[in-house]
Amino acid sequence: PVLHEMVTEIRRSLDFYRNRANGLGAQQVVITGGTAKLPGLPSFLTANLEVPVVVGNPLSYLSKGPKTDSGYLEEVGPLCSVSVGLA
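These figures come from a predicted structure and were not determined experimentally.

A. How the structure looks around helix α1 (residues 2-20). Between its terminal C-alpha atoms α1 stretches 27 Å, which fits the 27 Å expected from 19 residues at 1.5 Å a residue. Immediately downstream of α1, the backbone of N22 shows phi near 55°, a positive value.

B. Broad picture of the side chain of N57. Mapping N57 onto the fold places it in the loop between β2 (53-55) and α3 (70-76). There is a polar contact of 3.0 Å between the side chain of N57 and the backbone nitrogen of L59. Beyond its immediate stretch of four places on either side in the chain, N57 contacts L73, E74, G77 and P78.

C. Local environment of the pattern of salt bridges. For the structure on display, the rule yields two salt bridges. As a salt-bridge pair, E9 and R12 come within 3.1 Å of each other at their nearest N and O atoms. Linking E9 with R12, this pair stays in helix α1, spanning three residues, or about one helical turn. With a relative accessible area of 41%, E9 lands in the partly exposed category. Across the pair D15 and R18 runs a salt bridge whose closest N-O atoms are separated by 2.7 Å. Of this pair, D15 and R18 both sit in helix α1, three residues apart, which is roughly one turn of that helix.

D. Main features of the packing of α1 against helix α2 (residues 41-49). At a minimum axis separation of 10 Å, α1 and α2 run at an interaxial angle of 55°. When the axis of α1 is compared with that of α2, the two are oblique. For the element pair α1 and α2, the recorded crossing hand is right-handed. Contact residues: α1 offers L3, H4, M6, V7, I10, R11 and L14, while α2 offers L41, F44, L45, N48 and L49. Looking at the contact of α1 with α2 residue by residue, the classes come out as nine nonpolar, two polar and one charged.

E. Here's a closer look at the environment of F44. Mapped onto the fold, F44 is located in helix α2. Overall, F44 belongs to the partly exposed group, its relative accessible area being 23%. Along the primary structure F44 and H4 are separated by 40 residues, whereas in three dimensions their C-alpha atoms are 9.8 Å apart. The residues contacting F44, other than those within four sequence positions of it, are L3, H4 and V7.

F. Inspection of unusual backbone geometry at higher detail. Positive phi outside glycine occurs at E50, with the angle close to 60°. Counting through the fold element by element, E50 comes out in the loop between α2 and β2.

Calculation criteria
- By convention here, each chain's residues receive numbers from 1 onward along its written sequence.
- Restriction of local features to residues with pLDDT of at least 70 applies here, the model being predicted, together with a cutoff of 80 or more for giving and counting side-chain atom pairs; totals for whole chains, interfaces and linings are based on all residues.
- Values shown for side chains rest on all heavy atoms present in the structure; no hydrogens or waters enter the calculation.
- Each helix is a run of DSSP H or I of at least 4 residues and each strand a run of E of at least 2, with the numbering of both proceeding from the N terminus.
- Here the expected length of a helix is defined as 1.5 Å per residue gap, with one fewer gap than residues.
- By the criterion applied in these results, polar contacts are pairs of N or O atoms within 3.5 Å in which, for protein atoms, one can donate a hydrogen and the other can accept it, and in which residues neighboring in sequence qualify only through two side-chain atoms.
- Working rule for contacts: check all heavy atoms of both residues, and any pair within 4.5 Å makes them a contact.
- Salt bridges are defined as contacts in which a side-chain nitrogen from Lys or Arg sits within 4 Å of a carboxyl oxygen from Asp or Glu.
- For every residue, the accessible area obtained with a 1.4 Å probe (protein chains only) is divided by the maximum for its type, and the residue is called buried under 20%, exposed over 50%, and partly exposed between those limits.
- Whenever a helix is involved, its axis is fitted only over the stretch in contact; in every case the axis is a line through C-alpha atoms, and angles between N-to-C directions fall within 0 to 180 degrees.
- Any angle that is under 35 degrees is reported as roughly parallel, and any over 145 degrees as roughly antiparallel; angles of 65 to 115 degrees are reported as roughly perpendicular and all others as oblique.
- It is the rotation of the near helix from the far one that decides the hand of a crossing: anticlockwise by less than a right angle makes it left-handed, clockwise makes it right-handed.
- Each residue gets one label: Ala, Val, Leu, Ile, Met, Phe, Trp, Tyr, Cys and Pro are nonpolar, Asp, Glu, Lys and Arg are charged, and the others, such as Gly, are polar.

Shape descriptors only; they carry no functional weight alone.
Laid out in structure tokens, this is it:
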């Protein structure tokens, strides 16, 4: 029930944006944060919003040092969107 309520609110936001942008809707939705890592969430949202949904990883745009564990950065990346944005 909570996810369906969230879909309703996101759909309202997308509809509002589409109405303000002369019918041009969002081409993609990027989700971040801890909830973005919930198994199956991107595919659930894609099916219910009818727009592609992907998990964002702001760390993928940063250069990595030679000793950096890429797997770890991939795992924690969606959690770092605010801190990377502030940096």
